[in-house]
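Each chain, written out:
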Amino acid sequence: MATDVKIDASWKAVLQEEFDKPYFQAIRDFIKSEKEAGKVIYPPGPKIFNAFNHCTFDQVKVVILGQDPYHGPGQAMGLSFSVPKGIPLPASLKNIYKEIERDLQVKMPRHGDLSAWASQGVFLLNAILTVEQSKAGSHQHAGWQTFTDAVIRILSEQKNGLVFLLWGNFARNKKNLIDQRRHHVLEAAHPSPLAGGAFHGNHHFSTANRLLLQSNKTPIQWQIEE
C-alpha cells in the first residue's frame, strides 16, 4: 500500500508494518487532498522523511524530538529544529546554539543546517512530519503521531543505550514510549523564548556525550563548521 515511501532501506525494514496499516494510507490521502485543495505543505515531499534518510536506523545514538516543522517559506527541511543554509536562525535554534556554546565552550555557525549532527547519529525527529504554510500545528490530527510514536517505540525496543533529549512538555509526554532501563532520557524546558530562558543551563550536550562514552559509543561533535 505504501511501499513507495522514499525512506532509507534500514528504516523501511523496521517500519514496513506501519506503512501497511490503514492509518498510514489515511495520512497519504490527507496530504494528497490538502495539496489538491491548493494548500502549500512543508516540507516539500522529498524532504518529509529527511530525518530517516540522513540518519539510518543503525546509526541512531541520540534522538532530539521536535513537535512539527517550521511553517515559513524555505524553513522546513525534514530535520527537527534545523533550517537550510541561507535561512535566518529561528529563535529556538538560537537558544540551542547558545546552550551548546555555554556548555562546551565552542562557537556555533551562523547557519542553521543540522545535517552534520544527523550524519553522526543524531535522529532529528519531528512528532508531526508536515504542516500547512503559516499554520503551526495544522497537521496535528493527520495521524503522524501514530507513526512517530511507533518509531520511538521501535527504537526503544530494538536498540540500547540511546540518549533521548526531550525539550518542552510536548516532547516530555513521549517519555512513556521509552524503556528507561535500556536508554537515557534527558528532560528540559523548550528552547523557545516563550519558556523564559528555562532551557539554559541544562548541559544536555555534554551529558549526552558522557552517556554515549559510558555505552562505548562515539560522542557527538556538536560544533558545526561555518
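This text follows the structure it describes.
Residues numbered from 1 in each chain as written. Predicted model: local features only at pLDDT ≥ 70, side-chain atom pairs only at ≥ 80, totals over all residues. Heavy atoms only, no water.

Things to note about the packing of helix α4 (residues 91-104) against helix α8 (residues 204-214)
How two helices sit against one another is set out by the angle between their axes and by the gap between those axes. One way to put it is that α4 packs onto α8 with a least axis distance of 8 Å and a crossing angle of 65°. Two secondary-structure elements touch here, α4 through I96, E99, I100, D103 and L104 and α8 through H204, F205 and S206. When its residues are assigned to classes, the contact of α4 with α8 shows four nonpolar, two polar and two charged. (Axes fitted to C-alpha atoms, helices over the stretch in contact; angles between N-to-C directions. Helix = DSSP H or I, 4+ residues; strand = E, 2+ residues; numbered from the N terminus. Contact = heavy atoms within 4.5 Å. Nonpolar A, V, L, I, M, F, W, Y, C, P; charged D, E, K, R; others polar.)

Side note on the layout of surface pockets
Estimated volume of the largest pocket: approximately 420 Å³. Elements with a contribution of two residues or more to the lining of the largest pocket: β2 (62-66), α4 and α7 (168-172). Considering only residue class, the lining of the largest pocket consists of twelve nonpolar, ten polar and one charged. Taken as a whole, the second largest pocket holds about 330 Å³ of empty space. (1 Å grid on protein atoms, 1.4 Å probe; cavity = no way out; pocket = protein on both sides within 12 Å on 5 of 7 lines; lining within 4 Å. Points joined across faces, edges and corners; volume = space filled by probe spheres on them.)

Topic: the side chain of D149
Within the secondary structure, D149 is located in helix α6 (residues 144-158). On the accessibility criterion, D149 (18% relative accessible area) is buried. If near-sequence neighbours (up to four positions away) are discounted, D149 is found in contact with K174 and L177. (Buried < 20%, exposed > 50% of the residue type's maximum accessible area, 1.4 Å probe, protein only.)

Remarks on the packing of helix α1 (residues 9-19) against α6
Relative to each other, α1 and α6 sit at 135°, their axes nearing to 11 Å. Put simply, α1 runs oblique to α6. Note on packing geometry: the crossing formed by α1 with α6 is right-handed. Contacts between α1 and α6 involve W11, V14, L15, E18 and F19 from the first element and F147, A150, V151, I154, L155 and Q158 from the second. Among the residues forming the contact of α1 with α6, the class breakdown is nine nonpolar, one polar and one charged. (Parallel < 35°, antiparallel > 145°, perpendicular 65-115°, else oblique. Left-handed = near helix turned anticlockwise from the far one by under 90°.)

A few points about unusual backbone geometry
Here Y42 and P43 are connected by a cis peptide whose omega angle stands at -10°. Among the structural elements, P43 can be located in the loop between β1 (41-42) and α3 (50-54). A positive phi angle, near 70°, is found at F81, a position not held by glycine. Following the sequence through the fold, F81 ends up in the loop between β2 and α4. The phi torsion at N216 lies on the positive side, around 60°, for a residue other than glycine. Among the secondary structure elements, N216 is positioned in the segment after α8. A residue is classified by how much of its surface remains accessible, and N216, at 76% relative accessible area, is exposed.

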